[in-house]
Amino acid sequence: MDGYVAAPTQRLSNGSGEAVTASSEITAAALDRFQHTLKSAIGCVGVGLHGGQKVALRLCPAPPGTGIVFRRTDLGIDIPARFDLVADVRLCTLLALPHQPEARVGTVEHLMAALAACAIDNLVVEVDGPEVPIFDGSAAPFLFLIDCAGRVAQDQAPTTIEVLRTVRVSLGEAFAELRPAEAASGLQMSLSIDFAAAAIGRQALSLSLDEAAFRGELAGCRTFALAEEISALREAGLARGGSLDNAVVVDGALVLNPSGLRRPDEFVRHKLLDAVGDLALCGARLQARLVASRSGHAMNNRLLRALFADPTAFRERRPAGLWNGFGRGSVAA
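Residues numbered from 1 in each chain as written. Predicted model: local features only at pLDDT ≥ 70, side-chain atom pairs only at ≥ 80, totals over all residues. Heavy atoms only, no water.

K.L.:
If you had to explain the sheet that holds strand E5 (residues 77–80) to someone new, which residues and values would you point to?
P.N.:
Pairing in this open sheet of five strands is mixed, and the strands run E2-E3-E9-E4-E5 from one edge to the other. A strand with exactly one partner marks an edge of an open sheet, and here the two such strands are strand E2 (42–47) and E5. In this sheet, adjacent strand axes meet at a mean angle of 25° when their direction is disregarded. Bridge count between strand E3 (residues 54–61) and strand E9 (residues 123–127): five bridges; the pairing is antiparallel. Residue pairing across strands places Leu-59 opposite Val-125, the latter belonging to E9. Strands E3, strand E4 (68–72) and E9 of the sheet are contacted by helix H2 (residues 109–117), whose axis makes an angle of about 145° with E4. Strands E2 and E3 of the sheet are contacted by helix H3 (residues 140–149), whose axis makes an angle of about 160° with E2. (Pairing = 2+ DSSP bridges. Helix = DSSP H or I, 4+ residues; strand = E, 2+ residues; numbered from the N terminus. Axes fitted to C-alpha atoms, helices over the stretch in contact; angles between N-to-C directions. Contact = heavy atoms within 4.5 Å.)

So this is what it looks like as structure tokens:
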């Protein structure tokens, strides 16, 4: 998520008021072979990015084939986590139903990144407002929730989207590509950024994404903003819940956060985190290589739309009987 974010508030439960402990019982082989959901429901309370209001979030197990669904409990409306339902990409990724403008949920990318990295295929995300809580501006709090709830394998194979040929989108010097994967499975990522602010400058990072890499290299890296942009954002009614507790704020060569950076290249790492979450909106596990420069939420979404607009560019491997409707490239597993 690009921008200025809200101070974290967190309260955890397992749905029955009992104490919860972290769990990691799923093997790597099982993660590849089966769909997964959470072992138990878990709830939290935080603050929304743009409105600054308190938001209750609850992650609920779901049956095989459900996918990730956001449920606005205050409206009684479900919003599937799909790239074609992305309605706004200013400072975050926002999902909305086309003919129900009130049915929207924003800042989904950090949660989606954590779910994708942990191979959580099926989940109902209950939220009682228009935003997912921002916490510290990273994905680490969502990993904590997943670990506390635990994971369980389900008796169905996961759906995989395999990129067969390169798809590219660009705008000026910025571009993003999805290429065929260089490995048998998973997502390889190479991303570079270039900011005028001396505290950021040019940064680049490449990695092969799996759960361990996400946890160790990306999950704790926070969103960031330029100090000169904050007043304009708030005048536009955005970023009202922001604070230095949960965003890196840069003013030229200075990092304004008293605690400094978590990584020297925290900025490009957070951009990769965002890309993981945005690409997870493909609705399946993605087998591809991402190569991007100066990209963000808008370009990430354009990239998925370009991919699925060309049925010759991908192949969908799915359990028998499931159909996501992405195009003629789909095949049964």
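K.L.:
Describe helix H4 (residues 211–218), listing the residues and the values that go with them.
P.N.:
When H4 is considered as a whole, its buried residues turn out to be Glu-211, Ala-213, Phe-214 and Leu-218. Take H4 and look down its axis: the buried residues cluster within an arc of 165°, on one side only. Structurally, the start of H4 carries an N-cap: the backbone nitrogen of Ala-212 is 3.3 Å from a side-chain oxygen of Asp-210. (Buried < 20%, exposed > 50% of the residue type's maximum accessible area, 1.4 Å probe, protein only. Arc of directions from axis to C-beta. Polar contact = N/O pair within 3.5 Å; in protein donor to acceptor, adjacent residues only side chain to side chain.)

K.L.:
Residues and numbers for the pattern of salt bridges, please.
P.N.:
Evaluated as defined, the whole model comprises 22 salt bridges. A salt bridge links Asp-88 to Arg-90; the shortest N-O distance between them is 2.9 Å. According to the relative accessible area criterion, Arg-90 is exposed, its value standing at 52%. Between Glu-266 and Arg-222 there is a salt bridge; the shortest N-O distance is 2.8 Å. Placement of Glu-266 in helix H6 (residues 266–279) and of Arg-222 in the loop between H4 and strand E16 (224–226) is noted, with a sequence separation of 44 residues between them. Here the residues in one salt-bridge network are Asp-147, Arg-151, Glu-211 and Arg-215, joined through shared partners. (Salt bridge = Lys/Arg side-chain N within 4 Å of Asp/Glu carboxyl O.)

K.L.:
I'd like a description of the nonpolar core, backed by residues and values.
P.N.:
If you look at the biggest cluster of nonpolar residues, it comprises 85 residues, and the most contacted ones within it are Phe-70, Leu-95, Leu-178 and Phe-214. With seven residues, H6 is the single largest residue contributor to this core. Apart from residues lying up to four places away in sequence, Phe-70 is in contact with Ile-77, Asp-78, Ile-79, Ala-81, Leu-95, Val-105, Val-108, Leu-111, Met-112, Val-125 and Val-132. (Core = buried A, V, L, I, M, F, W, Y, C linked by side-chain atoms within 4.5 Å.)

K.L.:
Requested: an account of the packing of H4 against H6, with residues and values cited.
P.N.:
Look at H4 against H6: their axes get within 10 Å of each other, and the N-to-C directions meet at 140°. Viewed along their axes, H4 and H6 form a crossing whose handedness is left-handed. Contacts between H4 and H6 pair Phe-214, Glu-217 and Leu-218 from the former with Arg-269, Leu-272, Leu-273 and Val-276 from the latter. Classifying every residue of the contact of H4 with H6 gives five nonpolar, no polar and two charged. (Left-handed = near helix turned anticlockwise from the far one by under 90°. Nonpolar A, V, L, I, M, F, W, Y, C, P; charged D, E, K, R; others polar.)

K.L.:
Before we move on, can you summarise the side chain of His-36 with the specific residues and values?
P.N.:
Position of His-36 among the secondary structure elements: in strand E1 (residues 36–38). Polar side-chain contacts of His-36 include one of 2.9 Å to the backbone oxygen of Phe-34.

K.L.:
I'd love a proper account of the packing of aromatic side chains, names of residues and values included.
P.N.:
A full pass over the atoms with the stated rule returns five aromatic pairs. Measuring from ring centre to ring centre gives 4.8 Å for Phe-83 and Phe-308, while their planes differ by 20°; the resulting arrangement is stacked. Placement of the pair is Phe-83 in the loop between E5 and strand E6 (86–88) and Phe-308 in helix H7 (residues 297–309), with a sequence separation of 225 residues. Both residues of the pair, Phe-83 and Phe-308, belong to the buried class. Ring geometry for Phe-224 and Phe-267: centres 5.1 Å apart, planes at 90°, overall edge-to-face. Here Phe-224, found in strand E16, pairs with Phe-267, found in helix H6; they are 43 residues apart in sequence, far enough to count as distant. Taken together, the ring pairs connect Phe-83, Phe-308 and Phe-314 into an aromatic cluster. (Phe/Tyr/Trp six-rings, centres within 6.5 Å; stacked < 30°, edge-to-face > 60°.)

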